[in-house]
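Remarks on the overall topology
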Amino acid sequence: MPPLSLLFSAAGALLRTGLLFVLPAVLPAQVPGLWFLADIEPGPGSSSPRGFVTYGERALFFARTLADGEELWVTDGTAAGTRLFYEFLPGPAPGSGTAAVAVAGSVVFAIVNQEVWVLEGTPPRARKLITPPTASVQGPLVVAGAQVFFPAWSSAHGLELWCSDGTVAGTRMVRDV
């Protein structure tokens, strides 16, 4: 499998959303550029894959299925290597995964239902770092060195910048401005 340069989902008037496609960085002679990778939720529904981030040699993304709800998926660029990575809310519970980032290729931070989670290890183990009402995560995750920064709202301080090193003790408001 050649290295991936682009992974995307299809959408449009004639295509239903939720189909994953791959554009390889180096095109093999027998492949004319772009190929179908997977349909996460076969049938008339849509898995709405989004939020693609690099995770070592793989990509992580959020997708929705009737069986699992909206969860974090992983792909290595092959149909066989595209699978559910972590189920934050077991069963078809409605979740809302909005962002994921990888730090140093082995730690993943994700926003699910306005909570910041960290996943580590193989298989991944997850723990919540910040949960409403302590603070409600309002925006994107930004990696700077070994830390992740994000805006969060609390009733005590309003909307402020927070950071995390991946531990509960190391997750804090940067400054009340």
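The following refers to the structure shown. (Residues numbered from 1 in each chain as written. Predicted model: local features only at pLDDT ≥ 70, side-chain atom pairs only at ≥ 80, totals over all residues. Heavy atoms only, no water.)

**Points about unusual backbone geometry**
Apart from glycine, the bulk of residues carry a negative phi angle, and the bulk of peptide bonds sit in the trans form. The backbone of Asn-113 shows a phi angle near 50°, a positive value even though the residue is not glycine. At Gln-114, a position not held by glycine, the phi torsion is positive, near 65°. Within the secondary structure, Gln-114 is located in the loop between β9 (107-112) and β10 (115-120). Taking the relative accessible area as the measure of exposure, Gln-114 reaches 39% and is therefore partly exposed. (Helix = DSSP H or I, 4+ residues; strand = E, 2+ residues; numbered from the N terminus. Buried < 20%, exposed > 50% of the residue type's maximum accessible area, 1.4 Å probe, protein only.)

**Some thoughts on the pattern of salt bridges**
In this structure the tally under the stated criterion is three salt bridges. Between Lys-128 and Glu-115 there is a salt bridge, with the nearest N and O atoms lying 3.4 Å from each other. Of this pair, Lys-128 sits in strand β11 (residues 125-130) while Glu-115 is found in strand β10, placing the two residues 13 residues apart along the sequence. Classification of Lys-128 as partly exposed rests on a relative accessible area of 37%. Residue Arg-127 is joined to Glu-120 by a salt bridge in which the shortest nitrogen-to-oxygen separation is 2.9 Å. (Salt bridge = Lys/Arg side-chain N within 4 Å of Asp/Glu carboxyl O.)

This is a description of form; function is not addressed.
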